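Tertiary structure, described
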Amino acid sequence: MKNLFLLLILIPFFEITIFITFLNYVGFLYSILEIIITFFIGLILFSKNKKRLLGSENNGFGMLSLNKMLVEEKIYSFLMVVGSVFLIIPGYIGDIIGILLMIKPIQSFIIKSIIKSFKPQFKESDFYTKSNAEIIEGEFYDLHNDKSNISKK
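Because the structure is predicted, anything quoted here is derived from the model rather than measured.

Here is what the cut-offs are and how they apply
Residues numbered from 1 in each chain as written. Predicted model: local features only at pLDDT ≥ 70, side-chain atom pairs only at ≥ 80, totals over all residues. Heavy atoms only, no water. Helix = DSSP H or I, 4+ residues; strand = E, 2+ residues; numbered from the N terminus. Buried < 20%, exposed > 50% of the residue type's maximum accessible area, 1.4 Å probe, protein only. Contact = heavy atoms within 4.5 Å. Areas by Shrake-Rupley, 256 points an atom, 1.4 Å probe, with all protein chains shown as cover. Phe/Tyr/Trp six-rings, centres within 6.5 Å; stacked < 30°, edge-to-face > 60°. Patch = residues over 30% accessible without salt bridge, like charges linked within 9 Å, V, L, I, M, F, W, Y side chains within 5 Å. Salt bridge = Lys/Arg side-chain N within 4 Å of Asp/Glu carboxyl O. Axes fitted to C-alpha atoms, helices over the stretch in contact; angles between N-to-C directions. Parallel < 35°, antiparallel > 145°, perpendicular 65-115°, else oblique. Nonpolar A, V, L, I, M, F, W, Y, C, P; charged D, E, K, R; others polar. Expected span 1.5 Å × (residues − 1).

**Details of the overall build of the chain**
A tally of helices and strands in the chain yields five helices and zero strands. Counting helices and strands in the order they occur from the N terminus, the chain gives α-α-α-α-α. Scored against the burial criterion, the 153 residues of the chain give a buried share of 18%. If you take every contact in the chain between residues at least 6 apart in sequence, the share linking residues at least 24 apart comes to 53%. Accessible surface, the chain as shown: approximately 13,100 Å² in total, 70% of it carbon and sulfur.

Here it is, written out as structure tokens:
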């Protein structure tokens, strides 16, 4: 919690430092032009991916279809929407994060790491591996079936 708070305080300082450095190298006009261009690119990508994310292209399988391809497409569209929001927000750090979120291998890595972190760790039971495990045998009789009812014997 303390590190997250410190990071939130330091990001604006890094952003201002990068902006001043970029101003010294390319000038004020190109800096503002870069902010405006990434803003419009972010808006275009946001509207396109928002339609893909929230659209009803369920291919007739119903609203609650758990088609694996459809779910993966929705996750990629969600990451594209988040990346485009980072492009809309002015700043170089946000632009870099937004561009990285739109690259497919990085999206796949993020999805795999999220799935791995939420996946429960199953421990293998040693019940079947014990050499001295007791085996209990038994028989099952169906009492509801007239042909094999043992009470009539």
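**Thoughts on the side chain of Ser84**
Here Ser84 is to be found in helix H3 (residues 68-88). In this structure Ser84 comes out as buried when scored by relative accessible area, which is 0%.

**Some thoughts on the environment of Ile20**
Following the sequence through the fold, Ile20 ends up in helix H1 (residues 2-26). The exposure class of Ile20 is partly exposed, given its relative accessible area of 44%.

**Points about the packing of aromatic side chains**
A complete count under the given rule lists three aromatic pairs for this structure. Ring centres of Phe19 and Tyr92 lie 6.1 Å apart, and the angle between their planes is 25°; on these two criteria the pair is classed as stacked. Of the two residues, Phe19 is situated in helix H1 and Tyr92 in helix H4 (residues 92-101); the sequence distance between them amounts to 73 residues. What makes Phe19 partly exposed here is its relative accessible area of 24%. Joined through ring pairs, the aromatic side chains of Phe19, Phe22 and Tyr92 make up one cluster.

**Quick notes on a nonpolar patch on the surface**
A contiguous nonpolar patch, built from Phe5, Leu6, Ile9, Leu10, Phe13, Phe14 and Ile18 and spanning about 670 Å² of accessible area, is present on the exposed surface. Along the chain, Ile18 turns up in helix H1. Take Ile18: its relative accessible area is 34%, and that puts it in the partly exposed class.

**A short note on the packing of H1 against H4**
Orientation of H1 relative to H4, taken along the N-to-C sense of each, is 95°, at an axis distance of 8 Å. Overall, the two elements H1 and H4 adopt an arrangement that is roughly perpendicular. Across from Ile11, Phe14, Glu15, Ile18, Phe19 and Phe22 in H1, the residues of H4 making contact are Tyr92, Ile93 and Gly94. Looking at the contact of H1 with H4 residue by residue, the class counts come to seven nonpolar, one polar and one charged.

**Let's talk about the packing of H1 against helix H2 (residues 28-54)**
Between H1 and H2, whose axes approach to 7 Å, the crossing angle comes to 125°. If you check the angle between H1 and H2, you find them oblique. For the pair H1 and H2, contact is made by Phe19, Phe22, Leu23 and Val26 and by Phe28, Tyr30, Ser31 and Ile35, respectively. Split by residue class, the contact of H1 with H2 holds seven nonpolar, one polar and no charged.

**With respect to H2**
An ideal rise of 1.5 Å per residue puts 39 Å on 27 residues; H2 measures up with 38 Å between its terminal C-alpha atoms. When H2 is considered as a whole, its buried residues turn out to be Ser31, Glu34, Thr38, Gly42, Leu45 and Asn49.

These figures capture arrangement, not role.
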